[in-house]
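Structure assessment
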Amino acid sequence: MNKVFLIGAGPGAADLLTLRAARILSDQADVVLTDELVSDEVLALLRPRARVLRVGKRGGRASTPQDFIHRLMVRYARRGQVVVRLKGGDPFVFGRGGEEIEALAAAGIDAEIVPGLTAGISVPASIGIPVTHRAHTHGVTLVTGTCGDGSGPDWNALARTGTTLVIYMGLARVLSIVARLIAGGLPPDTPAAAIASGTLPTQRHVVGTLRDLPERIAAEGLTSPAILVVGEVAALARSEACMGAYVAA
Ligand code: SAH
């Protein structure tokens, strides 16, 4: 079968996978090219004969070149193996799924997408933050805090959207992001939160204001992966857990 599945593994907890993803992993996958973000709990669902290749790319660490990932997918698919490209969250949200589907199409290989819960929505939810709430905001904007090529979003424009800002890959640059949003006109007392390793047993978070977010993050020692949330809805975070683990009846 000349086909590659691009599968979203969700934010971390294995029981937040879709049923479709779980079935492909446990029944069909021969070769799995996985990101660092995919939790061991998810990889444990694979059938034992599946071959796992870790091709992760995490800020600051050596990463597998994207071209090489494309070549691996094509090579195994041409051998007739069921190839899964497994990614944290959703494959099409800051996941390079768009590039991979183009590379597969150029090689004449079909791709099938299996969406996943993106971290920017599910991780805030895990502490009770609704990314939209009609009493507080008209929408949500998902942006990256770090672009590989050194460019970045227009923070001045983002400061004026009136939407909740959900920032992926922003932890390392939080000081400059906060400064730019305030310079762009966002009030320093705008509620803000940061959540690290959301939905995993190691989850930690802080809630405060835009102004004090960097020092809260530093004081709590939050590390990547983390999502930043800026906007009134961040004040709705709850102190008790809002997302339990699934327990079979
Ligand atoms: N495709 C993924 C995003 C990949 S970019 C998705 O849809 O969720 C990697 C970034 O996602 C991380 O730097 C972090 O900002 C965010 N992220 C992914 N998993 C996370 C988690 N469990 N907790 C907090 N942030 C997470």
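Residues numbered from 1 in each chain as written. Predicted model: local features only at pLDDT ≥ 70, side-chain atom pairs only at ≥ 80, totals over all residues. Heavy atoms only, no water.

Per an unreviewed UniProt entry, the chain carries the name uroporphyrinogen-III C-methyltransferase and comes from Pseudazoarcus pumilus.

Moving on, we get to the pattern of salt bridges. Applying the stated criterion across every chain yields a total of nine salt bridges. Where Asp-35 meets Arg-85, a salt bridge forms, and the shortest distance between an N and an O atom there is 3.1 Å. Here the residue Asp-35 occupies a position in the loop between β2 (31-34) and α2 (40-43), and Arg-85 occupies one in strand β4 (residues 83-87), the gap between them amounting to 50 residues. As far as burial versus exposure is concerned, Asp-35 and Arg-85 are alike and both buried. With a shortest N-O distance of 3.1 Å, Arg-85 and Glu-100 are connected by a salt bridge. Within this pair, whereas Arg-85 is found in strand β4, its partner Glu-100 is found in helix α4 (residues 97-106), the two being separated by 15 residues in sequence. Here Arg-85 and Glu-100 have matching classes, each one buried. Ionic contacts of the salt-bridge type, sharing partners, join the residues Asp-35, Arg-85, Lys-87 and Glu-100 into one network. (Salt bridge = Lys/Arg side-chain N within 4 Å of Asp/Glu carboxyl O. Helix = DSSP H or I, 4+ residues; strand = E, 2+ residues; numbered from the N terminus. Buried < 20%, exposed > 50% of the residue type's maximum accessible area, 1.4 Å probe, protein only.)

Attention now moves to unusual backbone geometry. The residue after Ser-224, namely Pro-225, is reached through a cis peptide bond having omega 0°. Inspection of the secondary structure assignment puts Pro-225 in the loop between α8 (213-220) and β10 (226-230). Unusually for a residue other than glycine, Met-169 sits at a positive phi of about 55°. Looking at the element boundaries, Met-169 is found in the loop between β7 (164-168) and α7 (174-183). Residue classification places Met-169 among the partly exposed positions, given a relative accessible area of 44%. Here the phi dihedral of Thr-199 falls at roughly 70°; this positive angle occurs in a residue that is not glycine. Relative to the assigned elements, Thr-199 resides in the loop between β8 (191-196) and β9 (204-209). For Thr-199, a relative accessible area of 15% translates into the label buried.

What follows covers the site of the ligand. Near the ligand you find 18 residues, and of these Pro-11, Val-93, Thr-118, Gly-198 and Ala-226 are the closest. Between the ligand and Gly-88 there is a distance of 2.9 Å, counted from a nitrogen atom to a backbone nitrogen or oxygen. Interatomic distance of 2.7 Å between a backbone N/O atom of Ala-226 and an oxygen atom of the ligand. When the ligand is considered free in solution it has 550 Å² of accessible area, and contact with the protein chains removes 93% of it. The set of elements that each furnish at least two residues to the shell around the ligand consists of α5 (119-125) and β10. Considering only residue class, the shell around the ligand consists of 12 nonpolar, five polar and one charged. Split by domain, the shell around the ligand shows at least three residues from each of two domains, domain 1 (3-114) and domain 2 (119-248). (Near = heavy atom within 4 Å. Polar contact = N/O pair within 3.5 Å; in protein donor to acceptor, adjacent residues only side chain to side chain. Areas by Shrake-Rupley, 256 points an atom, 1.4 Å probe, with all protein chains shown as cover. Nonpolar A, V, L, I, M, F, W, Y, C, P; charged D, E, K, R; others polar. Domains from an automatic or database assignment.)

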